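# Inside the fold
Residues per chain are reported as follows:
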Amino acid sequence: MRVRRLRRRAAPVNLLPVDVTDPPSVRGVVRGILGTAIAFVGLAFIVISIDAGHIEWRLAALVLALWGAWGFFDSLFGWVLEPLGQFVGNALTGGSMPGGTVITIQDETVMLEHLVDADPAPTPHRVVLAGIRLAEIYRTHQHDAAKAEAVIARLVSRYPDAPELKYVRPG
């Protein structure tokens, strides 16, 4: 006797991996706690109100209070704490700039070249640091060691006593 299968074998189930190293946010934890509390109190409200034959106003008030707390904490986290945390985090770590603006290496090179070549030069310290960064860009991104050494030599001739240059002087 031959057995016929009406359905094919099921393919293996692909579950989405859960990253246990990425903990939930405080906002998510608070929403989970309050949501669970609202569900349990709401269920108790329905069951007790049906069993008693009248509306239990204390449970109704508790459900509404939990719902109000949910809205308050969600707004507090969403409108105040998370933007403040992102601002402080970006300020401390040099994170992304507002508005999605990005400075490319070409933009930085042009800006540093203008700063190094400025006629009424800003403070020598600022010019020397800009020149060192510009030489680093020439060396690492443009792979032009001669151009980098020329910038350093020009800085050494302009500011021979600059303490910043003692670590980058050629030879």
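This write-up is about the structure you can find in this document. (Residues numbered from 1 in each chain as written. Predicted model: local features only at pLDDT ≥ 70, side-chain atom pairs only at ≥ 80, totals over all residues. Heavy atoms only, no water.)

### Some words on the overall build of the protein
Applied cut-off: What counts as a helix is a DSSP run of H or I of at least four residues, what counts as a strand is a run of E of at least two, and both are numbered from the N terminus. Only protein chains enter the accessibility calculation, which uses a 1.4 Å probe. A residue is then buried if its area is under 20% of the maximum for its type, exposed if over 50%, and partly exposed in between. By definition in these notes, contact holds between two residues if any of their heavy atoms fall within 4.5 Å. Note that accessible areas follow from Shrake-Rupley with a 1.4 Å probe, and for residues the cover is restricted to the protein chains shown.
Helices and strands together make up the secondary structure of the protein, namely five helices and zero strands. What you see in the protein, going N to C, is helices and strands ordered as α-α-α-α-α. Counting only residues that meet the buried cut, the protein has 18% of its 171 residues in that class. Within the protein, residue pairs in contact and separated by at least 24 positions form 49% of the contacts whose partners lie at least 6 positions apart. In the structure as shown, the protein presents an accessible area of about 13,500 Å², 65% of it carried by carbon and sulfur atoms.

### Let's talk about the packing of aromatic side chains
Applied cut-off: For Phe, Tyr and Trp, rings pair up if their centres lie within 6.5 Å, where Trp contributes its six-membered ring, and each pair is then called stacked (planes under 30 degrees apart), edge-to-face (over 60) or tilted (otherwise). Whether a charge sits over a ring comes down to the Lys NZ or Arg CZ being within 6 Å of the ring centre and within 35 degrees of the ring normal.
Per the counting criterion, the structure on display carries one aromatic pair. Ring geometry for F72 against F73: centres 5.3 Å apart, planes inclined by 70°, an arrangement best described as edge-to-face. Looking at K147, its charged tip hangs above the ring of Y138, at a distance of 4.6 Å from the centre.

### Considerations on the pattern of salt bridges
Put simply, the rule reads: Whenever a carboxyl oxygen of Asp or Glu lies within 4 Å of a side-chain nitrogen of Lys or Arg, that contact is scored as a salt bridge.
If you walk through the whole model with that rule in mind, you get seven salt bridges. D74 is the salt-bridge partner of R27, the closest N and O atoms lying 2.9 Å from each other. In this pair, R27 is assigned in helix α1 (residues 26–52) and D74 in helix α2 (residues 57–93), connecting sequence segments 47 residues apart. Note on R27: relative accessible area 21%, which makes it partly exposed. Its salt-bridge partner being D117, residue R154 comes within 3.1 Å of it at the nearest N-O pair. Taken as a pair, R154 in helix α5 (residues 145–158) and D117 in the loop between α3 (105–116) and α4 (124–140) lie far apart in primary sequence, 37 residues in all. Exposure remark for R154: the relative accessible area of 36% places this residue in the partly exposed category. Connected through shared salt-bridge partners, R27, R31, D74 and E82 make up one network.

Shape descriptors only; they carry no functional weight alone.
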